[in-house]
Structure formats: structure tokens, C-alpha cells
Amino acid sequence: MQPDASQRESVVLRVGDLRIPAAVARGPVEERPEGLLLPKGPVTLLHPFGTTRFLRHGWHSWSPTGWVDLAKPPVPVYPEYRRPMADDPVYVTSSCHTGSGLGALRAPDGRILLLGALELGAHVQADAEALRGFYEPPVETSQTSALAGGWFLGYGEEGTTLSAYARLLARGLGKRGPTRAPRVWCSWYAFYRDISQDEMLGVLGQVGELKFDVFQVDDGWQRGIGDWEANDRFPSGMEALAERISATGLQPGLWLCPFIVSPRTRLFQQHPEWLLRDSTGRLVEAGHNWGDYYCLDTTVPDVQAWLAGLIRRVTGWGYRYLKLDFLYGAAMPGERHRPMHREQAYREALEIVRDAAGDAYILGCGAPILSSLGVVDGLRIGPDVAPFWDNYDRSELLHDRSGPGARNAIHTSLHRLWLRELVHTDPDVVYFRTRYNLLTTAQKDYLKALALIAGFKATSDPPAWLDPEERTALETFLAAEPAVIQSGPYRFRIDGDEVDFSAVIEPAG
Ligand code: 9PG
């Protein structure tokens, strides 16, 4: 239960050399070397920084993340139907800059004041006067029980403050082991949905000679979003393909979206009662890129059994690496069979998937970030790259920085690197090819450097599309285990080579 406002008290918090008038829930404030632990409940901090910059943390993998200027009000993404694919639809029209789970303000000397939630379902808002944190919803409703959790308030250098927060999250939500992330060949950024068994076997023949760990088949193999069976372009079935992949010494990888359903599927037609609805009984839309599609109510016991069965089936076919996509579908607002907070429902569903997957690798994509920690092995930390730099109309005119493009992907991923201590961070694929590619060498180099910094190496380039020099560059990349040192806010030394991403960041504001 969330304490109501009358249970809050006014205090002056001392964090580092700052004294901040604040309203916090009644309860002990614990002092830590890097900051304070604040009691469970809403927090309002009257900060001294005025119209500064705010680190807004997007809800899921593709949601824009980075420093925004508080002098400029937030503008929602257009068109409206794109909103769940871009960020948390509940806060998208807020007149106040709102981040998911954490938020920070920039002090004049460059230090940051970070307010970070220690549990699920929290949001942080900022304006020129206040930094506010609350667990959703602010009041309890009949259908959604409120959450309340504690907070970390840190003040210091950006890297060390985020790192202190990451350590607390690891303790509360868990983290995956310190293994090296697998090196992945993924079909999406070369063939998109236009894949077939023959084409995949053709590429497998080329990829098998290179030092990849995983050969991952992306969107395009399935009958429908919800009907996770091989379509007619994969006549021998997915199990036979997994066997062929394993026979080359690679781990078979498969893309699927376990929490969303297209109306053009058997699943939708046979089980309309499994779908999430809003308080008026309307189906909750999750997105539109395959035509409209909807969300499963993952609190329905039969849905949970179906989910576990689905994951057991695909791992039973031999897939050892699962790219689970559009995961936010299980965390959308709606009236659930078992009333609980939407992020709790999400985490419970993800845990069912985790149990069913056994020791198969799970890469969460389109995944709510904080509520996936400790359950998945890897997380996509930015939107899709593309063989072009930016889409001005979409990024600027429609205010949608969650769309595909190398620049959006680099921008959001750079601001999520602090998650490296908790999970494998996937900034999406690197391009080595010039074929079908508008990226310049310098732009491709940014992607390559980011992958080395993030520690996750993937590409979609079919080796046959590469000239000898490009192929050598790919081989060098796959073999590299560089020492990475951060030498500035957006500057890194990768085995002695200096990379500066400031030019990617600055113009975005
Ligand atoms: C397959 C792709 C790839 C990719 C994923 C994800 O908002 N949208 O319309 C939207 C469409 C696709 C998308 C992200 C957003 O990409 O990130 O790597 O697997 O699905 O369809």
C-alpha cells in the first residue's frame, strides 16, 4: 500500500554537500557512502538546479533515453497508434518530463542528482523546481493494487552514482552471471521478414566459418503473431532447421513474441478470453506493425500454461537462444484476471518463461527495462539500428526517437551502459557491409565501438555480401576482447583507440 500524502513529512535531506528540502514518507532515511536510501512511498525533492537537464529513462528497450532540456516541454510521439511501441503509454501525454524507474538532474558542475527506484512500477518526473518519484498508481484502484517501494538518492559523478544504483538494483532485483555475451548472427537487418529455409541454410553455410556462437532466425518463420509454428517457407519445420544449425557447431537462436497476439491467428480466434481488456471491455492494443495486435492477459492460468508450453516447445526443437520481442505487451495497462500491478504481472509472466526456458539464453527486446532485471540474460537497450543514420521526419517532426536508425540506437544505448553490471546489454547489430547500406564508414565505426563497449557483438551481414576487407573487419571484431576505459561523458578508450560519441549526442539536446 502506498502511504497517502498526509503520511508524508517535510525534511531536509543531506546528500553529499547538498541540502534538499523534501517531502518523503515517514520512516528512516538510511545513509550510504554514495547517497541515501529513502523510505517506501512518494518523494518530492525541491532541487536547487532550476531549468537544467534531466536524464529521462525510457520504459522499454526502444524508448528514448538520454538528457533532455527542462526548458522544453515534452512533446508526445505521433501518430498516436505508435505510442506503446515508443514508450509507456500512460505517461506519453504528460506535460512533465517523466522517466521510468529512475531520473536524474545535472548540477552546474556536472555532477548528477539521481533518484532511482528500488522496486517495480516507479516513475520519476522533473521540472525546474522539483524532482518527484512515485510508484504507480498514485492511488489504489479496485483493479490495480498500488505498489510502493524505496528509493536511492545519490549525488556525485555520473558514472559512480549510476554504478552505486546498479549495485542496489542487483541486490533487489537480481543480476545474471558474469559470462561473456554470445556472438550472434541475426537474420533481421539483412532480410527482414522475407526469410525462408533455403535462404537461412545458404547463409548458415557462410556464417559457420566465422567465430559466431549463435545463428538466430528472426521474424518471418512463424505462421502468425501468436501461432508460433513454421510457415510454408520453412517446409521441413523449425526443429529440422535447429538440427542443421547445431550441426555446424552454432547454437540455434529463434525470435518470437510470447505476450502479443494478432487477430489473424488461431490463438486469437480460439481464445478471445485470454486477451487483455480495458475497463470498458475493449481489447488493449499493443502495436500496429503487423496490422493491429493485442496483449495476452498473462495472469490467466491457462495463458500461463500455454506460455510455459510454448517456450518448452521451441527449446525442445533445439533453440538455445531466444530473442523474445515486444515483451512490453504483458505490462500494458488493463483489467487483469488476477488484479495486480502491470509490472508485477509482467515479471511473473517473464519468470514463467524463464523457468520453462531452463538454461537457454533469453534476450529481452521491446522489454520493460527495470522489471526484466535478474530474469533475462540479455536486454536490447535501444531502438533498432538501420542501414541509415536518421529519419528526420520521424525523429524530429513526429517526435519519435524510438524509430529505426543508427543515431537513435546509439543515443539511447549510450545512456543505458550503466546496466552492464546487471545484464548483457545489446545495442543491436553492427554493419560491416557497404551493400544495401547508406551508413558512412565513420557511422559504422560508431556502431562497432559501441558494441565493443557494451560487450555484445552481433551482425546481420551475410558473409557473401562482404568484400574481403569488410570480411576481415568482421573477423577482427568477432575476435576482439578489448580493454575499455571510459575517459569522458561520451568518450572511451578501446585498447588505446579514442572514440568520442559527443557529435552523435550533442545536436539532439
Ligand atoms: C522483427 C523486429 C526485429 C528487431 C526488433 C523488433 O515500432 N515498430 O513498429 C517496431 C517494429 C519492429 C521492431 C521495433 C519496433 O523491431 O527490435 O530487432 O526483431 O522486431 O519484427
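This is a predicted model, so every value here is computed, not measured. All residue numbers refer to position in the chain's written sequence, counted from 1. A pLDDT threshold of at least 70 governs which residues receive local features in this predicted model, and a stricter bar of 80 or more applies before side-chain atom pairs are shown or counted, although totals over entire chains, interfaces and linings include all residues. Only hydrogens and water are removed before side-chain values are computed, so all heavy atoms of the structure are retained for them.

Some thoughts on the pattern of salt bridges
Just so we agree on the cut-off: Any Lys or Arg side-chain nitrogen located within 4 Å of an Asp or Glu carboxyl oxygen qualifies as a salt bridge. Only DSSP runs of H or I reaching four residues or more are called helices, and only runs of E reaching two or more are called strands; each is numbered from the N terminus. Between buried and exposed lies partly exposed: a residue is buried under 20% and exposed over 50% of the maximum accessible area for its type, with that area taken using a 1.4 Å probe on protein chains only.
Across all of its chains, the model carries 34 salt bridges by this definition. With a shortest N-O distance of 3.0 Å, Arg106 and Glu158 are connected by a salt bridge. Taken together, the residues Arg106 in strand E9 (residues 102-106) and Glu158 in helix H2 (residues 158-173) connect sequence positions 52 residues apart. One salt bridge connects Arg320 with Asp359, and the closest N-O pair in it is separated by 2.6 Å. Here Asp359 lies in the loop between helix H8 (342-357) and strand E23 (361-364) and Arg320 lies in the loop between helix H7 (301-316) and strand E22 (321-324), a separation of 39 residues in the sequence. Here Asp359 falls in the exposed class, since its relative accessible area comes to 65%. By sharing partners, the salt bridges in this structure join Asp17, Asp109 and Arg111 into a single network.

Comments concerning the site of the ligand
Heads up, the rule is: Near residues are defined by distance, with any heavy atom within 4 Å of the molecule or strand qualifying the residue. N or O atoms closer than or at 3.5 Å make up a polar contact, with two conditions inside protein: a donor-capable atom paired with an acceptor-capable one, and, for residues adjacent in sequence, both atoms drawn from side chains. Under the convention adopted here, Pro, Cys and the residues Ala, Val, Leu, Ile, Met, Phe, Trp and Tyr are nonpolar, Asp, Glu, Lys and Arg are charged, and Gly plus all remaining residues are polar.
Looking at the ligand, there are 16 residues lining it, with Tyr189, Asp218, Asp219, Lys323 and Asp384 nearest. Interatomic distance of 2.7 Å between a side-chain N/O atom of Tyr189 and an oxygen atom of the ligand. Classifying every residue of the shell around the ligand by side-chain character gives eight nonpolar, one polar and seven charged.

Let's talk about the packing of aromatic side chains
Condition: Centres within 6.5 Å are what make two rings of Phe, Tyr or Trp a pair, Trp counting through its six-membered ring; a difference in plane orientation under 30 degrees is then read as stacked, over 60 as edge-to-face, and the rest as tilted. Only when the NZ atom of a Lys or the CZ atom of an Arg is both within 6 Å of the ring centre and within 35 degrees of the ring normal do we say a charge sits over the ring.
Overall, the coordinates contain 28 aromatic pairs when judged by the stated rule. Taken together, a centroid distance of 6.1 Å and an interplanar angle of 55° make the contact between Tyr91 and Phe134 tilted. Linking Tyr91 in the loop between helix H1 (83-86) and strand E8 (97-100) with Phe134 in strand E12 (residues 130-135), this pair joins segments that are 43 residues apart in sequence. According to the relative accessible area criterion, Phe134 is buried, its value standing at 13%. Of the aromatic side chains, those joined through ring pairs into one cluster are Trp59, Trp62, Trp221, Trp228, Trp255, Trp290, Tyr293, Trp317, Phe326 and Tyr328. Sitting over the face of the ring of Tyr78, Arg83 holds its NZ or CZ atom 5.0 Å from the ring centroid. Geometry around Trp67 places Arg106 over its ring, the cationic atom sitting 4.1 Å from the centre.

Quick notes on the sheet that holds strand E28 (residues 491-494)
We apply this condition: Note: two strands are recorded as paired if DSSP finds a minimum of 2 bridges between them. Axis definition: a line fitted to C-alpha atoms, over the contacting stretch in the case of helices. Angles run 0 to 180 degrees between N-to-C directions. A contact between two residues is defined here by any heavy atoms of the two lying within 4.5 Å.
Read across the sheet, three strands follow the order E27-E28-E29 without closing on themselves; strand pairing throughout is antiparallel. On the outer flanks of this sheet lie strand E27 (484-488) and strand E29 (497-500), each paired with one strand and no other. On average, adjacent strands in this sheet sit at an angle of 25° to one another, irrespective of strand direction. Relative to E29, E28 runs antiparallel, the two being bridged by four bridges. Pairing of Arg493 across the sheet is with Glu498, part of E29. Across the sheet, helix H11 (residues 441-454) is in contact with E27, E28 and E29; its angle to E28 comes to roughly 75°.

Thoughts on a nonpolar patch on the surface
To keep things clear, this is the line we draw: Patch construction takes residues with relative accessible area above 30% that form no salt bridge. Like charges are linked within 9 Å, and nonpolar side chains (Val, Leu, Ile, Met, Phe, Trp, Tyr) are linked within 5 Å. Method for areas: the Shrake-Rupley scheme with a 1.4 Å probe, in which residue coverage is limited to the protein chains shown.
Taken together, the side chains of Val75, Tyr78, Tyr392, Leu397 and Leu398 make up a nonpolar region of the molecular surface, amounting to roughly 490 Å² of accessible area. As for its position among the elements, Leu398 is in the loop between helix H9 (392-397) and helix H10 (406-414).

Digging into the nonpolar core
Inclusion rule: Buried residues of nine kinds, namely Ala, Val, Leu, Ile, Met, Phe, Trp, Tyr and Cys, make up a nonpolar core once their side-chain atoms join them within 4.5 Å.
Ranked by internal contacts, the top residues of the largest apolar core, which has 146 residues, are Phe215, Val217, Trp221, Met238 and Phe501. Setting aside its immediate chain neighbours within four residues, Val217 contacts Ser187, Ile195, Met200, Met238, Leu241, Ile245, Gly253, Leu254 and Trp255.

Here we look at the sheet that holds strand E19 (residues 260-261)
The strand order across the open sheet built from three strands is E19-E21-E20, with neighbouring strands paired in antiparallel fashion. Two strands lie at the open edges of the sheet, namely E19 and strand E20 (285-287), each paired on one side alone. Relative to strand E21 (residues 293-295), E20 runs antiparallel, the two being bridged by two bridges. Paired with Glu285 across the strands is Tyr294, a residue of E21.

Remarks on unusual backbone geometry
Cis geometry marks the peptide bond from Tyr78 to Pro79; its omega dihedral reads -5°. Along the chain, Pro79 falls in the loop between strand E7 (66-69) and H1. One non-glycine residue, Tyr436, lies in positive phi territory at about 50°. When you line up the elements, Tyr436 lands in the loop between strand E25 (424-426) and H11. You can call Tyr436 exposed: its relative accessible area is 54%. We note that Asp495 has phi near 50°; this positive angle belongs to a residue other than glycine. Residue position: Asp495 is located in the loop between E28 and E29.

Details of the pairing of strand E4 (residues 35-38)
Along a regular strand, successive side chains alternate from one face of the sheet to the other. Bridge analysis of strand E3 (residues 30-32) against E4 gives three bridges, and the strand direction is antiparallel. Note that in E4 the partner of Glu30 across the bridge is Leu37. As paired strands, E4 and strand E13 (residues 151-156) are joined by four bridges and run antiparallel to one another. Looking at E13, one finds that Leu36 is bridged to Leu153.

Points about H10
For H10, a buried count of nine out of nine residues is recorded, marking the element as mostly surrounded by other parts of the structure. Along H10, the positions that sit buried rather than exposed are Ala406, Arg407, Asn408, Ala409, Ile410, His411, Thr412, Ser413 and Leu414. Elements in contact with the buried residues of H10: E7, H9, H11, E28 and helix H13 (502-505).

Some thoughts on the pairing of E28
Side chains of E28 alternate between two faces, with Phe492 and Ile494 buried and Arg491 and Arg493 left unburied. In the sheet, E27 pairs with E28 via four bridges, with the strands oriented antiparallel. Considered in E28, the bridge of Val484 is made with Ile494. Counted along the chain from E27 to the antiparallel partner E28, the turn is two residues long. Between E28 and E29, which pair antiparallel and follow one another directly, the connecting turn spans two residues, one of which, Asp495, has a positive phi of 50°.

Points about the environment of Glu9
With respect to the element layout, Glu9 can be found in strand E1 (residues 8-15). Residue classification places Glu9 among the partly exposed residues on the basis of a relative accessible area of 25%. For the pair Glu9 and Ala25, spaced 16 residues apart in the sequence, the C-alpha separation amounts to 6.2 Å. Sequence-distant contacts of Glu9, defined by excluding residues within four places in its chain, comprise Ala22, Ala23, Val24, Ala25, Arg26 and Gly27. Engagement of the side chain of Glu9 in a polar contact is seen with the side chain of Arg26, the distance being 3.2 Å.

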